[in-house]
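Here's the letter readout for the chains.
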Amino acid sequence: MQITRRGLLLAGLILLGVSFGPAYAQAPPPIRVSDNHRFFVTQDGTPFFYLADTEWAMFHMTREDIDLYLKDRAGKKFNVIQAVAGNMGGLDRPNPYGATTFVKDTKAEPNEEYFKNVDYAVNKANSLGLYVAIVAIWGKEYVNEKQSVLDKTTGYNYGKFLGSRYRDKRVMFILGGDWYPDKTEDIWRALAAGIAAGDGGTHLITYHPTGIQSSGNWFQSDAWLSFNMIQSRHMVLNRGYDVIARDWERTPTKPVVDGESVYEGIVDNLIAYQPGVPIIQAQDVRRAAYCSVFAGGAGYTYGSQGVWSYSSPTPGAPAPAGRKGSGYGLPPISFQEAMQRPAGTQMQYLRALIESRPMLTRVPDQWLIVNDPLSTTDRIQACRSSDGSYIFIYTSTGKPVRVQLRDKIHDKLSGKAYRAYWYDPRQGTSTLIGQFPRTEAGDRPADVRRNDISREFTPPSSGPGNDWVLVLDDVDNNFPPPGRKAQQ
Amino acid sequence: MGGGEYNRWCSDMGIPGRMFRMHMARRGLLLAGFILLGAGFGPAYAQAPPRIRVSGNHRFFVAQDGTPFFYLADTEWAMFHMTREDVDLYLKDRAAKKFNVIQAVATFWGGPKLDTPNAYGQTVFVNGDFTRPNDEYFKTVDYAVNKANSLGLYIAIVPIWGKGYVNEKLSVFDKTSAFNYGKFLGGRYRDKRVMFILGGDWYPDKTEDIWRAMAAGIAAGDGGVHLITYHPTGIQSSGNWFQNDAWLSFNMVQSRHMVLNRTYDMIARDWERTPTKPVVDGESVYEGIVDNLVAYEPGVPIIQAQDVRRAAYCSVFAGGAGYTYGSQGVWSYSSPRPGAPAPTKAGRKGSEYGLPAISFQEAMQRPAGTQMQYLRALIESRPMLTRVPDQWLIVNDPLSTTDRIQACRSSDGSYIFIYTSSGKPVRVQVRDKIRDKLSGTAYKAYWYDPRTGTSTLIGEFPRTEAGDRPADVRRADISKEFTPPSSGPGNDWVLVLDDAAKNFPPPGTKVWR
């Protein structure tokens, strides 16, 4: 309606031809949960590392900005974009083309004109190899224990509309939205049932809770919950690793992703900014990302202050929704600038590292660390492959790591020898430390007594921001250096 | 005692009366048997504590009538090799210090062939035949069990030390003999207050089915009335292998003898496992032992009382249904009284880790051995079955190992406990947006001293007092910071917050039943 009113039928046809066509041709494959219920894979079983950027406001961007934004994110190797359909900051706020999510004065009847912009973003993203994780409606504001714009029926219908409309697109669905589902559990269940009725169950569904909560706290046993999502809170003292570790143990087993962690450039604890209050730095983001993934995460969601809320858009563009209150008193920054923050570029090195080794056998194991694994800003976080082919240990401030290579009768690494590297999360480069015989006797009295084997490694640098990943490989596997893909 | 009564007793003991009579007659010890009945078994029956089962929520232990039971064990792996005089001395000391479970091994350090005798010259099996438990040996076990029961103590019996005798390289049992031995034990102690601990400091890799057979045998013998768990090697939990086995009544972890003990992470993991089962750290840091069990030399740290208290409180607050204490010199029955038969010579070798010798009598008096009762008193002074771990009560950095801060609360909002290992301040999240962590309109705050079991009232605060930090105001959170009376290594404190309306007694004030 909006478009016809503007007399832009031709533009609409061009859009169909230019955007929908190529999108179909180049769309990435559908994603499902791996057979061990820990990770994601494409339909043919190829492992998929979920590396999302947060642009909650994407469907309120102009199409020009959508293009700009998605190209930047694809260039930085993000592969999922998290975006909210049921707008944050006021359902009555229109997108740049004057349309609201629901038709005014209806019981949550989806507005065709609004969803044309969603279509545009989804198709553009798919054409660039990106998946879109669509938050159906922001729970915190619209579906909570005090009020809900959806009931079970309208929730089901809205879900069915979304599922059906994006049935053949590369999307996922995120229910919730920064809130508890207390007293609204059944509305979310109805929405999930509606989505499945619409898309035939082809898309992944999760739930995005409020801070320090997991979807598993409410929906672990719900079949529609494909994977767990946690929110670990915007704090320098972020402890996402503890939240992930808890979810790793839940049954039935499901993958878990920290879907909202520390946003780069945001004020610590989301308070109103004033001089002296800490701002989340790239090192805080890297620490949260590596610790979260090494603790068992199937991926990670990055966010940048100024990007997630589509703040300060291109001069001349319509004022987008949701900006009010999202700046926390910080100096304004355009989303274009905010896209260039250091950790936004560095997240791809985490993905590269994970993808450079077998991905489906990764298990968290803090007992690889003999010394104190510490907490928050100095955290040391470890994982390994269950087949013994590699070990990754992240040390947030470059503290030395003593690695337990054998625990009495249990070997943590396979093979006769292992290669050790330092991987630099700031640059995605690695340095070979050397090659060591795996069965070399322990060098400490406790090791000798227990038939343990351990070895200490000291990073090239230490102190805040000097984070490193220790990589140990069974040499027999001839893995490429960490962060590089093997030659096919 | 008439013949009928006698037969009933034999039946209660799970012993066919005729067999027992024959046995006694063979030795001509009928009279001695009656004396034993009168002196040992009789009082035991009169005063034996109630049976223990898992609570309805599968998190804790309760007596048959539902009264909560906090498992506070001492480790005397060698108890069945003690002289009876030392058994008496030991158990009286432990009962007085409010331990309520003793963990003991039926086959303690018997040597490679299990042929090292106990204090009375008896070996656990007859002539090294693992299908024939030695009745004479088990009379000493009977004595200890009865004595313990008469003092209100339960015995957690380890049937055979897995590390030495049932492991992936060798096993003295196959499935059949394991079942039969289990049935013998279950039958013999059917009406006693015991539990059974399978395993013994080792992985059950490749021996899982032998342990399962033993568990089935125990149940065949005792009718399934006793709790069963499995004691694994360091940094492992029974749940790693047996979580889904119905016979596994509760999980046991071993958290390792290290100053850098991280029992809280192990317990937290077990708390999440399903099917839900209680979990106890069954071997943690032994007071007085060398850090990491290396050979002692000057400069190597020795586990101190503060290390033990830290492990105990962190383990329990992380979700433990109890805790097992141990003291170097006690657990191995070292250096017994002059004149007593030399116990377990083979076993004692290597158990001192090069430390100066200490008698078990002295080793029973180490400070944390006395202080463990204050943990039990604290737990028992508040509703026990609603306790849940919650590290998100702590707003500041909960830190790790030697500075660890560990928090739990009651799911009904009636109280919060937060342990701070080295007296670091704690900022407590009293409300998280829409969720209150405490009930009522006001709360009372105390510092509880784990060294002395005494408490100091900090004050009473309105619960809905607005948050005092910008982040709290924005999120409608409420938090408040508390700074302990002292800080530094060994200055551990428990912050106790009570819903004032509950009128709980001061923390640790025991309502001994």
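Above this note sits the structure.
This structure is a prediction, so every number in the text was calculated from the model and none was measured. (Residues numbered from 1 in each chain as written. Chains lettered and ligands numbered in written order. Predicted model: local features only at pLDDT ≥ 70, side-chain atom pairs only at ≥ 80, totals over all residues.)

J.: Teacher, can you tell me more about the overall build of chain A here?
T.: From N to C terminus, chain A includes 13 helices and 21 strands. Buried residues in chain A amount to 54% of all 488 residues. Long-range pairs, those at least 24 residues apart, make up 71% of the contacts in chain A between residues at least 6 apart in sequence. (Helix = DSSP H or I, 4+ residues; strand = E, 2+ residues; numbered from the N terminus. Buried ≥ 20, exposed ≤ 12 C-beta atoms within 10 Å, placed from the backbone. Contact = placed C-beta atoms within 7 Å.)

J.: Sorry, what's going on with the overall build of chain B here?
T.: Along its length, chain B carries 15 helices and 23 strands. Counting across all 513 residues of chain B, residues that qualify as buried make up 53%. Sequence-distant contacts, at least 24 apart, represent 71% of the contacts inside chain B between residues at least 6 apart.

J.: How do you make sense of the environment of Gln-336 of chain A when you look at a structure like this?
T.: As for its placement among the helices and strands, Gln-336 of chain A is situated in helix 11 (residues 335–338). As a C-alpha pair, Gln-336 of chain A and Leu-237 of chain A span 99 residues in sequence and 28 Å in three-dimensional space.

J.: I tried to follow the environment of Glu-456 of chain A on my own but got confused; where do I start?
T.: Residues and elements named next belong to chain A. Position of Glu-456 among the secondary structure elements: in strand 20 (residues 453–457). Taking the C-alpha atoms as reference points, Glu-456 and Glu-145, 311 residues apart in sequence, are found 52 Å from one another. For Glu-456, the contacting residues outside a window of four places in its chain are Pro-400 and Arg-402.

J.: Would you mind going over the interface of chain A and chain B with me for this structure?
T.: Where interface size is quoted, it is often the accessible area lost as the parts come together. The interface of chain A with chain B comprises 26 residues on the first partner and 27 residues on the second. Listing elements by their share of the side of chain A that touches chain B, those giving two or more residues are helix 9 (240–249) and helix 13 (445–450) of chain A. Its residues assigned to classes, the side of chain A that touches chain B comprises 12 nonpolar, 6 polar and 8 charged. (Nonpolar A, V, L, I, M, F, W, Y, C, P; charged D, E, K, R; others polar.)

J.: Looking at this structure, how should I read the sheet that holds strand 15 (residues 390–395) of chain A?
T.: Backbone hydrogen bonds are what pair the strands of a sheet, in a parallel or an antiparallel way. Residues and elements named next belong to chain A. Read from one edge of the open sheet, 6 strands run 13-14-15-21-18-19, paired in antiparallel fashion. The outermost strands of the open sheet, each flanked by one partner alone, are strand 13 (362–364) and strand 19 (429–437). With direction set aside, neighbouring strand axes in the sheet form an average angle of 20°. For strand 18 (residues 417–424) and strand 19, the ladder comprises 8 bridges, and the chain directions are antiparallel. By the bridge assignment, Ala-417 is partnered in strand 19 with Pro-437. Across the sheet, helix 10 (residues 282–294) is in contact with strand 13, strand 14 (380–385), strand 15 and strand 21 (468–474); its angle to strand 14 comes to roughly 40°. (Pairing = 2+ DSSP bridges. Axes fitted to C-alpha atoms, helices over the stretch in contact; angles between N-to-C directions.)

J.: I tried to follow the environment of Arg-427 of chain B on my own but got confused; where do I start?
T.: All names here are of chain B. Position of Arg-427 among the secondary structure elements: in strand 18 (residues 426–432). Once the C-alpha coordinates of Arg-427 and Pro-507 are considered, the two residues, 80 residues apart in sequence, prove to be 20 Å apart. Residue contacts for Arg-427: discarding those within four places in its chain leaves Val-395, Asn-396, Ser-479 and Glu-481.

J.: Looking at this structure, I do not really get the nonpolar core. What am I missing?
T.: Soluble globular proteins tend to bury their nonpolar side chains together. Ile-102, Ala-104, Ile-155, Ile-157, Met-214, Ile-418 and Val-494 of chain B are the most contacted members of the largest nonpolar core, which totals 136 residues. In terms of residue count, helix 11 (residues 305–317) of chain B provides more of this core than any other element does, 8 residues in total. Inspection of this core shows a minimum of three residues originating in each of domain 2 (50–380) and domain 3 (387–502) of chain B. Sequence-distant contacts of Ile-155 of chain B, that is, excluding residues within four places in its chain, are made with Ile-102, Ala-104, Ala-144, Val-145, Ala-148 and Val-194 of chain B. Membership of the second largest hydrophobic core comes to 133 residues, among which are Ala-190, Leu-191, Ile-230 and Tyr-263 of chain A. (Core = buried A, V, L, I, M, F, W, Y, C linked by C-beta atoms within 7 Å. Domains from an automatic or database assignment.)

J.: Even after reading the chapter, I still don't get the sheet that holds strand 17 (residues 410–411) of chain A, so can you show me in this structure?
T.: All names here are of chain A. Read from one edge to the other, the open sheet built from 3 strands follows the order 17-16-20, with strand pairing classed as antiparallel. The strands lining the two open edges of the sheet, one partner per strand, are strand 17 and strand 20. In this sheet, strand 17 lies alongside strand 16 (residues 401–407) in antiparallel orientation, the contact comprising 2 bridges. Paired with Asp-407 across the strands is His-410, a residue of strand 17.

J.: Where do I start with the pairing of strand 13 (residues 279–283) of chain B in this structure?
T.: In the case of a regular strand, side chains alternate between the two sheet surfaces. Residues and elements named next belong to chain B. Taken across its 5 residues, strand 13 has 5 buried, putting it largely inside the fold. The sheet contact formed by strand 12 (residues 251–254) and strand 13 spans 4 bridges and is parallel. The partner of Val-253 across the bridge, within strand 13, is Asp-281. Taken together, strand 12, helix 10 (residues 263–272) and strand 13 constitute a β-α-β crossover, and its handedness is right-handed. (Right-handed = clockwise from strand over helix to strand, strands pointing away.)

J.: Can you help me understand helix 5 (residues 135–150) of chain B in this one?
T.: Helical periodicity: at 3.6 residues per turn, an α-helix aligns residues three or four positions apart in one direction. Residues and elements named next belong to chain B. Taking 1.5 Å as the rise per residue, helix 5 with 16 residues should run 22 Å; its terminal C-alpha atoms sit 22 Å apart, in good agreement. Along helix 5, the residues classified as buried are Tyr-137, Thr-140, Val-141, Asp-142, Ala-144, Val-145, Asn-146, Lys-147, Ala-148, Asn-149 and Ser-150. Positive phi appears at Gly-152, one or two residues downstream of helix 5, with a value of about 85°. (Expected span 1.5 Å × (residues − 1).)

J.: What am I meant to see in the packing of helix 10 of chain B against helix 11 of chain B here?
T.: Helices that pack against each other are described as a pair by the angle of their axes relative to one another and the distance between those axes. Residue and element names in this part refer to chain B. The contact between helix 10 and helix 11 brings their axes to 8 Å, and the two run at 20°. One element, helix 10, and the other, helix 11, form an angle in the roughly parallel class. Seen from above, helix 10 lies across helix 11 with right-handed handedness. Of the residues in helix 11, those in contact with Thr-263, Tyr-264 and Ile-267 of helix 10 are Ala-311, Cys-314 and Ser-315. Its residues assigned to classes, the contact of helix 10 with helix 11 comprises 4 nonpolar, 2 polar and no charged. (Parallel < 35°, antiparallel > 145°, perpendicular 65-115°, else oblique. Left-handed = near helix turned anticlockwise from the far one by under 90°.)

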